[in-house]
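# Geometric and topological summary
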Amino acid sequence: MIKIELARLDNHFCMQATNEGGNTVVMDGAPADGGQNQGMRPMQVLLAAMGGCSAIDVVSILKKQRVELQDLKITLTGEREKDKVPALYTAVHAHFRLFGNIELEKAQKAVALSIEKYCSVAKTLEPTAKITHSVEVVA
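This structure is a prediction, so every number in the text was calculated from the model and none was measured.

## Considering the overall build of the chain
Of regular secondary structure, the chain possesses three helices and six strands. Along the chain, helices and strands appear, N-terminal first, in the series β-β-β-α-β-β-α-α-β. Counting only C-alpha atoms and orienting by the principal axes, one finds that the chain spans roughly 50 × 35 × 30 Å. When the 139 residues of the chain are sorted by exposure, 32% land in the buried category. Across the chain, the fraction of contacts at a sequence separation of at least 24, relative to all contacts at a separation of at least 6, is 49%. Taken as a whole, the chain presents about 8,900 Å² of accessible surface, with 53% of it coming from carbon and sulfur. Here the chain holds 16 positive side-chain charges and 16 negative ones, and the gap between their average locations is 4 Å.

In structure tokens:
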């Protein structure tokens, strides 16, 4: 079982989430909604979670293939439903930049396996959002 504790940090919407290990994430609402811009919005955290989940998969897959990955950067973008509450994601794109002497085909396969098979967050978003990805290798 996963357990997260949330604590309110101000008199507005700023919250700190803490896991069992003491790791934290700060979230806040948008200023237009009464927030103070002191943390990521919860829906931004969801995109970040997909990136983190997929990054772990990609690093693990490439390690098993004995591919030397020097660095990894992922840019995530998401589109949400317009004028709806709740406003779910309808599209999410993840652009992966892998740094090192990596064959593009291996990089593409690792990313595809993550997004299409292993990433639990992507699979959670999949029922409402079209998930796409792209890969770039930087030597």
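Still more to cover.
## Quick look at the packing of helix α1 (residues 42-64) against helix α2 (residues 104-118)
Packing of α1 against α2 leaves a shortest axis separation of 9 Å and a crossing angle of 130 degrees. Put simply, α1 runs oblique to α2. Along this stretch, α1 crosses α2, giving a crossing that reads as right-handed. Touching Met50, Ser54, Asp57, Val58, Ile61 and Leu62 of α1 are Lys106, Ala110, Val111, Leu113, Ser114, Ile115 and Tyr118, all from α2. Here the residues of the contact of α1 with α2 are counted per class, giving nine nonpolar, two polar and two charged.

## Let's talk about a nonpolar patch on the surface
Where nonpolar side chains cluster on the molecular surface, the patch consists of Ile2, Ile4 and Leu6 and spans about 340 Å² of accessible area. Its place among the elements puts Leu6 in strand β1 (residues 4-8).

## Digging into unusual backbone geometry
Between Val85 and the following residue, Pro86, the backbone shows a cis peptide bond with an omega angle of 0 degrees. A positive phi angle is found at Arg66, which is not glycine, with a value near 60 degrees. Among the structural elements, Arg66 can be located in the loop between α1 and β4 (71-80). With a relative accessible area of 76%, Arg66 lands in the exposed category. One non-glycine residue, Asp83, adopts positive backbone phi at about 55 degrees.

Thresholds, definitions, all that
Residues numbered from 1 in each chain as written. Predicted model: local features only at pLDDT ≥ 70, side-chain atom pairs only at ≥ 80, totals over all residues. Heavy atoms only, no water. Helix = DSSP H or I, 4+ residues; strand = E, 2+ residues; numbered from the N terminus. Buried < 20%, exposed > 50% of the residue type's maximum accessible area, 1.4 Å probe, protein only. Contact = heavy atoms within 4.5 Å. Areas by Shrake-Rupley, 256 points an atom, 1.4 Å probe, with all protein chains shown as cover. Lys, Arg positive; Asp, Glu negative; His and termini not counted. Charge placed at Lys NZ, Arg CZ, Asp CG, Glu CD. Axes fitted to C-alpha atoms, helices over the stretch in contact; angles between N-to-C directions. Parallel < 35°, antiparallel > 145°, perpendicular 65-115°, else oblique. Left-handed = near helix turned anticlockwise from the far one by under 90°. Nonpolar A, V, L, I, M, F, W, Y, C, P; charged D, E, K, R; others polar. Patch = residues over 30% accessible without salt bridge, like charges linked within 9 Å, V, L, I, M, F, W, Y side chains within 5 Å. Salt bridge = Lys/Arg side-chain N within 4 Å of Asp/Glu carboxyl O.

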